[in-house]
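# Residue-level structural notes
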Amino acid sequence: MNLARREFFETAGIGLGSLALNAMLGDEVSASGSASSFSQQPHFPPTVKSVIFLFMSGGPGHMDTFDPKPLLSEMDGEYVPESIAATVPNIPRAGVGSKLMASPFGFKKYGESGIEVSELLPHTAKHVDDLCVIRSLNHRIPVHGPGENFTLTGSSLGERPSLGGWVTYGLGSEARDLPGFIVLSSNSSGPAPQRPGWGSGFLPARFQGTQIDNQRGVPYSELPDLYSVDDRRDQLDFIRSMNQQHLRRQDLNTELEARIESYELGFRMQLNAPEILDLSGETEATQRMYGIDQKASKQFGSHCLLARRLVEQGVRFIQLRNGGWDAHGALKGNHINRCRATDMPVAGLLQDLKQRDLLDQTLVVWGGEFGRTPTTEGNRTGDSRGRDHSPAGYTMWMAGGGIKGGQVIGATDELGYVPIERPLSPHDLHATMLHGLGLDQHKLIYRHNNREEIATVLGGEVIHEAFAT
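Here goes a summary of the coordinates provided.

Each value, and the rule that gives it
- Residues numbered from 1 in each chain as written.
- Predicted model: local features only at pLDDT ≥ 70, side-chain atom pairs only at ≥ 80, totals over all residues.
- Heavy atoms only, no water.
- Axes fitted to C-alpha atoms, helices over the stretch in contact; angles between N-to-C directions.
- Helix = DSSP H or I, 4+ residues; strand = E, 2+ residues; numbered from the N terminus.
- Parallel < 35°, antiparallel > 145°, perpendicular 65-115°, else oblique.
- Left-handed = near helix turned anticlockwise from the far one by under 90°.
- Contact = heavy atoms within 4.5 Å.
- Nonpolar A, V, L, I, M, F, W, Y, C, P; charged D, E, K, R; others polar.
- Buried < 20%, exposed > 50% of the residue type's maximum accessible area, 1.4 Å probe, protein only.
- Pairing = 2+ DSSP bridges.

## Focus on the packing of helix H10 (residues 298–312) against helix H11 (residues 331–355)
Running from amino to carboxyl end, H10 crosses H11 at an angle of 20°, the nearest separation of the two axes being 8 Å. As the angle between them shows, H10 and H11 are arranged roughly parallel. In the packing of H10 onto H11, the handedness of the crossing is right-handed. Residues Phe-300, Gly-301, Cys-304, Leu-305 and Arg-308 of H10 lie in contact with H11, whose contacting residues are Ala-341, Thr-342, Pro-345, Val-346, Leu-349, Asp-352 and Leu-353. For the contact of H10 with H11, the per-class residue count stands at 8 nonpolar, 2 polar and 2 charged.

Structure follows, in structure tokens:
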């Protein structure tokens, strides 16, 4: 009997949905005869096995966190000098005609390196000698959605694969019972998460990120009531045989191939993932280190702790998205709240990875889609003042994975508008992250529409000085 797929699925009553379309099956072989990616060889010896991307959505103010500008305090309330205004690219919302706004936060030097860090981040600051602070990132996209897409995919249009997709395409995953690319999101009240940031773009669908929650796990992955493990195994064997028959009658269908693989991964996750996602076995001391015992930092702290556990399982790319940094008004209160939610968890993650000898093989990246302007937006006064979007110059940092900590790369002008030393783009950052993973951006190729595509679009510059060797 030749059933239509929709009719078959409705009859079978399958409850797994389309979970984990990025599944890596390891030893499994697809109906097309090609082995699925489990763990593949890099192009050259890597310094990194896994990446944790701490994405601060909305745009943290760089002059309020990691790029101090004393001149802003001296010129607070004055207009941008023409000498600097003339260097700012013609980007909407640059605010060059507005009044300058001093940072409401003080800075101190930390560690042996003496790098200055804002009082907002006292816990992260203790790890400054592990950080490579890049103060000269820049691009030309002043809008959240396209900016987020650009930062995570290399294109503002949202049509390309996310960096996590490229990484799992190039290297597969060492995690047999979990997806190779996992996304956790916290404080998503705004800006809206951009799905391309964990999407597969034109890559096969199995390379997209899987969204999970440490409280609920993977949606729709629970074993239905009255089903035993043996029942599920028999059902999946039958589903696989039917899907493979259907696949043989079609041309290339990556969605169906991914669906076939996802059922198998889902089955393994039903057996093993609940234990991996359960944080209750962690000591109280560990949970306090991540700030899980505090209301403000509990959610992001849980995500950071889960990220460490996922690294231990061999998950290749973990993206932790924390929203709400878009401080057009009341920047002081906004950034205090966001840092209360994230500072201790980030520091806990760095400390925990280090004490478990995992930091050397894990690349941790922190930053948003852009920074914020040195000027205040509108006519607000006092603590109601905020800043607009500033893609023309902003800060991110990297740690672990062979990175040389305790250094600053690049610099913005005296007010923080544009890079005046070592200007770098998100493509350069992506090329550098791939390099740490042992991937040559120009050899990581996928043919799409008869064109050889690479992760960095037209190519990025590897920031070699970021690495210890």
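## Let's talk about unusual backbone geometry
Here Ala-330, not a glycine, exhibits a phi torsion of approximately 50°, which is positive. A positive phi angle, close to 60°, is found at Asp-357, a residue other than glycine. Note on placement: Asp-357 falls in the loop between H11 and strand E8 (362–367). The class for Asp-357 is exposed, based on a relative accessible area of 63%.

## Things to note about the sheet that holds strand E12 (residues 407–409)
As summarised here, the arrangement of the 8 strands in space is E6-E5-E7-E1-E8-E11-E4-E12, forming an open sheet in which the pairing is mixed. What marks the edges here is a single partner per strand, and that holds for strand E6 (210–211) and E12. Relative to strand E7 (residues 317–322), strand E1 (residues 50–56) runs parallel, the two sharing 6 bridges. Looking at the pairing, Ile-52 lines up with Ile-318 of E7. Each of E1 and E7 is contacted by helix H5 (residues 144–153), which is oriented at about 165° to E1, the strand it contacts most.

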